[in-house]
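Next come the chains, spelled out residue by residue.
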Amino acid sequence: MPELSSETVSAIRLTIELATITTVILLLVGTPIAWWLARSRAWWKEAVATVVALPLVLPPTVLGFYLLVALGPSGPGGQLAALWGGRTLAFTFEGLVIGSVIYSMPFVVQPIRNAFEAMGERPLEVAATLRASPLRTFWSVALPLARPGFLTGAVLGFAHTVGEFGVVLMIGGNIPGETKVLSVAIYDYVETLRWAEATVLAAGMVVFAFIVILTMTLIEKRVARPGK
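Residues numbered from 1 in each chain as written. Predicted model: local features only at pLDDT ≥ 70, side-chain atom pairs only at ≥ 80, totals over all residues. Heavy atoms only, no water.

A. Spatial organisation of the nonpolar core. Counting 39 residues, the largest nonpolar core has Phe-116 and Val-181 as its most contacted members. For this core, the element with the most residues is helix α5 (residues 93–118), which contributes eleven residues. Residues in contact with Val-181, not counting those within four places in the same chain, are Ala-11, Leu-14, Thr-15, Leu-18, Leu-96 and Val-168. By size, the runner-up hydrophobic cluster in this structure holds ten residues, among which are Leu-182, Ala-185, Ala-198 and Leu-201. (Core = buried A, V, L, I, M, F, W, Y, C linked by side-chain atoms within 4.5 Å. Buried < 20%, exposed > 50% of the residue type's maximum accessible area, 1.4 Å probe, protein only. Helix = DSSP H or I, 4+ residues; strand = E, 2+ residues; numbered from the N terminus. Contact = heavy atoms within 4.5 Å.)

Structure below.
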């Protein structure tokens, strides 16, 4: 097994950092979205759900193109970057975070929404009869009951961010230490015929994918046997 170069180590570190930050943001942002989708009676809520789910079917190049425009100097991202003296959020780590949050959102929102819907109305009605406030009901009843959905969403969000390629390549490019994540590093190694490095990283991704699938299976079995 070849020794990992500093460039490879940097790509691994950057990928883990990106996936961790993205997952935390998605849990914070996705939870209220999932709660609203699960509880709202608005006729247009499924249109919102469809917008959230668009990254599931959009080609990464299409989503990456629009993100590149939005994060560029002429888009909202450029105006935001100007606040601290920058010109663009494209080809920056911050841009990767924004793109990853949008691209991985359905993988977090949908499991949490399903968990909120699966718990039904009864637990919330019981909490209301005990004069629990809506906020206390959410924290003390809804969140604990929806824990499997949060675990599933966190695992899927993290794994999907680790495996991103098309979107991160388009909006981040291939800048070592800044935007060169694992998937881009493998592509770069193959292009430059560095087969040994590509093999090590690709094998690592296969092992990671196996662990993710096994984790999801164990979570599903645990949900199916809540009393054990």
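B. Focus on the environment of Glu-7. Counting through the fold element by element, Glu-7 comes out in helix α1 (residues 6–39). Given a relative accessible area of 25%, Glu-7 falls into the partly exposed group. On a C-alpha basis, the gap between Glu-7 and Val-97 in space is 20 Å, while along the polypeptide they are 90 residues apart. If we ignore the near neighbours within four places in the chain, the residues touching Glu-7 are Pro-176, Lys-180, Asp-188, Tyr-189 and Arg-194.

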